[in-house]
Amino acid sequence: MYQKIEQNFLRTNNIKWDYFRSNSEMSRYDCYGTSIVYSKLDHNEEFRLIHLRKFFTIPPTRVYFTEIIGGGLLYPHIDHNTQVVLNFYVSSDESKTIFYKLKNDETQPFKYKDKETDNIYQPDDLIETGSFQSSAGDAYLLDVSKIHAVQKTNDIVRQFISYQWQYHDYDTILNDLKNTI
Ligand SMILES: [Fe+2]
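> What is the right way to look at the overall build of the protein chain in this model?
For the protein chain, the helix and strand inventory stands at three helices and 13 strands. On C-alpha atoms alone, the protein chain measures out to a radius of gyration of 16 Å, which is about the 16 Å that the 2.2 N^0.38 rule sets for 181 residues. Counting every position in the protein chain, which comprises 181 residues, the buried fraction comes to 25%.

Structure below.
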């Protein structure tokens, strides 16, 4: 479901974010006052070489500089085209990331407005199975093929770098991380 990665992957917390964060927005989901915005991470390879210790051998499908904006519930969902993510939290707040399972296996998901994939669920149809609060500097591996949500309790922007794997599952990437550190 999720695991905090205890090793400190960042060589330094003194990072020039303005240099690495791109203004080119790649995609965005708006949900009842909360938005998640994916932007390019500029100088991606340079960032890895300067700031990260070696931490995986299976290259991620993509990497984003990500922000969650606004206060409210980013509705329970399954990620589209991604099975597992490694998130480095650049800044955080009191928000909770929550995982769920269905009360009834036959419940069908619905769509975000203007999107094509049915991947959203109503909280009333779910049972919470776990949750965590991250701090700046934390790294978490998340199984985003499971239903999850972010409950934001204030307007502080939550920022993280998100390494995303489309073609490998959670256990494969978790084992890869364990074997390389
Ligand atoms: Fe997600």
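Now that the structure has been shown, we can carry on.
> What exactly am I supposed to notice about unusual backbone geometry here?
One can expect most non-glycine residues to show negative phi and most peptide bonds to be in trans. Look at histidine 43: it is not a glycine, yet its phi comes out positive at around 50°. Mapped onto the secondary structure, histidine 43 falls in the loop between strand 3 (34–41) and helix 2 (44–51). Of note, the phi angle at asparagine 81 is positive, near 65°, even though the residue is not glycine. Mapped onto the elements, asparagine 81 comes out in the loop between strand 5 (73–77) and strand 6 (84–91).

> What should I look at first to understand the sheet that holds strand 13 (residues 158–165) in this one?
Note: strands within a sheet are paired through backbone hydrogen bonds, in either parallel or antiparallel orientation. Spatial strand order, 1-11-6-13-4-3-2: seven strands in an open sheet with antiparallel pairing. The open sheet has two edge strands, strand 1 (2–4) and strand 2 (21–31), and neither has a second partner. Ignoring strand direction, the axes of neighbouring strands in this sheet form an average angle of 25°. With six bridges connecting them, strand 3 and strand 4 (residues 62–69) associate as antiparallel partners. Bridging across to strand 4, lysine 40 finds its partner in tyrosine 64. Lying over the sheet, helix 3 (residues 170–180) contacts strand 1, strand 6, strand 11 (139–143) and strand 13, oriented at roughly 150° with respect to strand 11.

> Please clarify how helix 3 should be interpreted in this entry.
In an α-helix, one full turn covers 3.6 residues, which means residues spaced three or four apart are oriented alike. Those residues of helix 3 that sit buried are Tyr170, Ile173 and Leu177. The arc that holds every buried residue of helix 3, seen down its axis, measures 75°, which confines them to one face. Opposite the packed face of helix 3, turned more than 90 degrees from it, sit the exposed residues Asp171, Asn175, Lys178 and Asn179. Looking at the packing, one finds that the buried side of helix 3 touches strand 6, strand 11 and strand 13.

> Whenever I open this one, the pairing of strand 4 confuses me. Can you help?
In this structure, strand 4 lies alongside strand 13, joined through seven bridges in antiparallel fashion. Counterpart to threonine 66 in the pairing with strand 13 is phenylalanine 160.

> How do you make sense of the nonpolar core when you look at a structure like this?
Soluble globular proteins: nonpolar side chains tend toward being buried together. Counting residues in each nonpolar core, the largest one holds 20 residues, and the members touching the most others are Val84, Val85, Leu141, Ile161 and Ile173. Going through the elements one at a time, strand 4, strand 6, strand 11, strand 13 and helix 3 are the ones with two or more residues in this core. When neighbours within four sequence positions are excluded, isoleucine 173 is seen to be in contact with Phe56, Ile58, Val84, Leu141, Trp165 and His168. In this structure, Ile68, Phe99, Tyr121 and Ala149 belong to the second largest nonpolar core, which totals ten residues.

> How should I be thinking about the confidence of the model for the protein chain in this particular structure?
When pLDDT drops low, the exact placement of atoms in the prediction is not to be read closely. Per-residue confidence for the protein chain gives a mean pLDDT of 87, with 94% of residues at or over 70. By mean pLDDT, helix 2 is the weakest element of the protein chain at 80, and strand 10 (residues 126–132) is the strongest at 97.

> Teacher, can you tell me more about the environment of glutamate 94 here?
The residue glutamate 94 is located in the loop between strand 6 and strand 7 (96–102) in this model. C-alpha of glutamate 94 to C-alpha of glutamine 151: the two residues are 57 residues apart in sequence and 8.9 Å apart in space. Among residues more than four places away in sequence, those in contact with glutamate 94 are Gln133, Thr153 and Asn154.

> How should the environment of leucine 49 be read in this particular structure?
Tracing the sequence through the fold places leucine 49 in helix 2. Taking the C-alpha atoms as reference points, leucine 49 and aspartate 169, 120 residues apart in sequence, are found 25 Å from one another.

The rules behind the values
Residues numbered from 1 in each chain as written. Predicted model: local features only at pLDDT ≥ 70, side-chain atom pairs only at ≥ 80, totals over all residues. Helix = DSSP H or I, 4+ residues; strand = E, 2+ residues; numbered from the N terminus. Rg over C-alpha atoms; globule rule 2.2 N^0.38 Å. Buried ≥ 20, exposed ≤ 12 C-beta atoms within 10 Å, placed from the backbone. Pairing = 2+ DSSP bridges. Axes fitted to C-alpha atoms, helices over the stretch in contact; angles between N-to-C directions. Contact = placed C-beta atoms within 7 Å. Arc of directions from axis to C-beta. Core = buried A, V, L, I, M, F, W, Y, C linked by C-beta atoms within 7 Å. pLDDT = per-residue confidence, 0-100.

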